[in-house]
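# Report on the structure
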Amino acid sequence: MNFSGEIINWYQLHKRDLPWRNTTDPYIIWLSEIIMQQTRVEQGTPYFNRFAETFPTVSDFASATEDEILKLWQGLGYYSRGRNMHHTAQMVMEEHAGYFPNKYSELLKLKGVGEYTAAAISSFSNNEAQAVVDGNVFRLLSRYFGIDTPINTGAGKKLFTVLANELMDKNQAGTYNQAVMEFGSLQCKPVNPNCSVCPLISSCQAYQQSRIQELPVKLKAKKVRNRFFNYIVLKREDQFLIHKLQSNDIWQNLHQFPLIETEFATDASNIIQSENFTSQFGNKIILKKVHQPVKHLLSHQKLHAQFIEIEPNVDYKSIPKNYFFAGEQVLKELAQPKLIFEFLKKFF
Ligand code: SF4
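Residues numbered from 1 in each chain as written. Predicted model: local features only at pLDDT ≥ 70, side-chain atom pairs only at ≥ 80, totals over all residues. Heavy atoms only, no water.

So, on to the domain arrangement of the chain. Accessible area lost when the parts come together is the quantity often used to give the size of an interface. Split into domains, the chain comes out as domain 1 (3-130 + 162-180) and domain 2 (225-344). For domain 1 versus domain 2, the distance between C-alpha centres works out to 36 Å. In this assembly, nine residues from domain 1 lie in contact with 16 residues from domain 2. Carbon and sulfur atoms supply 49% of the area buried between domain 1 and domain 2, which totals about 960 Å² over both sides. In this structure, the connection of domain 1 to domain 2 is made through one salt bridge. Notably, a salt bridge pairs Lys-244 with Asp-67, separated by 3.7 Å at the nearest N-O pair. Taken together, the links from domain 1 to domain 2 amount to seven residue pairs in polar contact (both at pLDDT 80 or more). For the side of domain 1 that touches domain 2, the elements supplying multiple residues, two or more each, are α5 (66-73) and α6 (79-95). The residue makeup of the side of domain 1 that touches domain 2, split by class, is three nonpolar, two polar and four charged. (Domains from an automatic or database assignment. Contact = heavy atoms within 4.5 Å. Buried area = accessible area lost by both parts, 1.4 Å probe. Salt bridge = Lys/Arg side-chain N within 4 Å of Asp/Glu carboxyl O. Polar contact = N/O pair within 3.5 Å; in protein donor to acceptor, adjacent residues only side chain to side chain. Helix = DSSP H or I, 4+ residues; strand = E, 2+ residues; numbered from the N terminus. Nonpolar A, V, L, I, M, F, W, Y, C, P; charged D, E, K, R; others polar.)

Quick look at the pattern of salt bridges now. Taken as a whole and judged by the stated rule, the model has eleven salt bridges. Glu-106 serves as the salt-bridge partner of Lys-109, at 3.4 Å between the closest nitrogen and oxygen. Under the relative-accessibility criterion, Lys-109 is labelled exposed at 55%. For Glu-106, a relative accessible area of 27% corresponds to the partly exposed category. (Buried < 20%, exposed > 50% of the residue type's maximum accessible area, 1.4 Å probe, protein only.)

Take the packing of aromatic side chains next. Across all of its chains, the model carries 27 aromatic pairs by this definition. When the ring of Trp-30 is compared with that of Phe-61, the centres are 5.6 Å apart and the planes differ by 65°; the resulting orientation is edge-to-face. You can see Trp-30 sitting in helix α2 (residues 26-36) and its partner Phe-61 sitting in helix α4 (residues 58-63), a full 31 residues away along the chain. Each member of the pair, Trp-30 together with Phe-61, is buried. Here the aromatic rings of Phe-257 and Phe-307 are separated by 6.2 Å at their centres, their planes lie at 90°, and the arrangement is edge-to-face. (Phe/Tyr/Trp six-rings, centres within 6.5 Å; stacked < 30°, edge-to-face > 60°.)

What follows deals with the site of the ligand. Surrounding the ligand, one finds Leu-140, Arg-143, Gln-187, Cys-188, Pro-193, Cys-195, Cys-198, Ile-201, Cys-204, Tyr-207 and Ile-212. At a threshold of 2 Å from the grid points, most atoms of the ligand map onto the largest cavity. The residue inventory of the shell around the ligand, partitioned by class, reads nine nonpolar, one polar and one charged. (Near = heavy atom within 4 Å. 1 Å grid on protein atoms, 1.4 Å probe; cavity = no way out; pocket = protein on both sides within 12 Å on 5 of 7 lines; lining within 4 Å. Sits in = over half its atoms within 2 Å of the grid points.)

Note on strand geometry: in a regular strand, side chains alternate between the two faces of the sheet. Summarising the sheet, strand β1 (residues 225-236) and strand β2 (residues 239-244) pair through two bridges and their orientation is antiparallel. Of the residues in β2, the one forming a bridge with Arg-236 is Gln-239. If you look at the hairpin formed by β1 and β2, you'll find two residues sitting between the two strands, and Glu-237 has a positive phi there, around 45°. Pairing of β2 with strand β8 (residues 324-326) involves three bridges; the strand directions are antiparallel. For Leu-241, the partnering residue across the bridge sits in β8 and is Phe-325. (Pairing = 2+ DSSP bridges.)

Attention now goes to the environment of Ser-202. Following the sequence through the fold, Ser-202 ends up in the loop between α11 (173-187) and α12 (205-208). Ser-202 sits 73 residues away from Ala-129 along the chain, and the two C-alpha atoms are 28 Å apart.

Moving on, we come to empty space enclosed by the protein. Following the criterion strictly, the structure yields two cavities of 30 Å³ or more and no others. What the largest cavity holds in volume is close to 140 Å³. The set of elements that each furnish at least two residues to the lining of the largest cavity consists of α9 (135-145) and α11. Here the element with the most residues in the lining of the largest cavity is α9; it accounts for three residues. Split into classes, the residues belonging to the lining of the largest cavity amount to twelve nonpolar, two polar and one charged. Those elements that provide at least two residues to the lining of the second largest cavity are α2 and α6. Here the lining of the second largest cavity takes four residues from α6, the largest share from any one element. For the lining of the second largest cavity, a count of residues per class yields three nonpolar, three polar and two charged. (Points joined across faces, edges and corners; volume = space filled by probe spheres on them.)

The tendency in soluble globular proteins is for nonpolar side chains to be buried as a group. Formed by 93 residues in total, the largest nonpolar core has its most connected members in Trp-30, Leu-31, Phe-61 and Phe-257. Of the residues forming this core, the biggest block, eight residues, is contributed by α2. Mapped onto the domain boundaries, this core takes at least three residues apiece from domain 1 (3-130 + 162-180) and domain 2 (225-344). Leu-31 has contacts with Phe-48, Phe-51, Ala-52, Phe-61 and Met-85, leaving out every residue within four places of it along the chain. Leu-234, Ile-285, Val-314 and Phe-325 belong to the second-largest nonpolar core, a separate cluster that totals 16 residues. (Core = buried A, V, L, I, M, F, W, Y, C linked by side-chain atoms within 4.5 Å.)

Structural data, given as structure tokens:
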């Protein structure tokens, strides 16, 4: 049996029953693909179910508010993807009369849909012969063929995409794509692949040459940037002072406490004497509590966050105009970065 035959055979026996596999609706497949780019299947499935239930059609999604979408998205990270989805849904309503495209070339024109996602949606919904090349496929092909071209380079992407398209069973493109990704995810795992029960073992180059640990090759990632966030927690009559993030920095359009960013870790007593702080809250502030600093990892940033609770004896006239107080009910409706809602959940 050839490569694709072995993979499809294995898939029929071992595939997981995932809710988005029982449909050919390109909108539902799009939902699942964008959500699963963020997270592992176990964590992403409840998000997918919530989105599919709340917005069963692209029209429902397009007519939601951005806050509703970001609230459902809360905790997934990469919030720009949630916002892009909203734009995409609106574009589908305007330019495709509400019919979500299922052709690769049309899908590529949608915001937030790249080659991988377009290949996945078009093959799963329409059996179009476009091979998917995600991390699972890179790993499997790199190991099976013993290829050490780095997977995160232009040359690597091209090489593996050509190879994946050559290997694809064109008559069952959707099934082949599902199978190759599932095989990479469950069988040829990043660490401790199940080689002893692998149907490809006799022809796998990495196994035969004992190079499994070396493959795939990846060039070193960008350096991580350290940032120091000092959140000012001001609670007045069961309401917290918050604001909506407007800049192009991380978490655009989410809600958080007033933030003072510093170059280094800085004592709370120095923060409340800084000009940045006194210009917003006045200079007669009493510290209530300084919480243990927490670390929060993003793709290329490491946030060191300190939450500084202050007594509500501030100079309310100097508080920036875009800040407002929100109680528990309102906070439930507004999307916040995970760092903020986990703090609120833990301490209030
Ligand atoms: S033999 Fe091992 S390394 Fe090779 S494809 Fe199978 S699981 Fe992956």
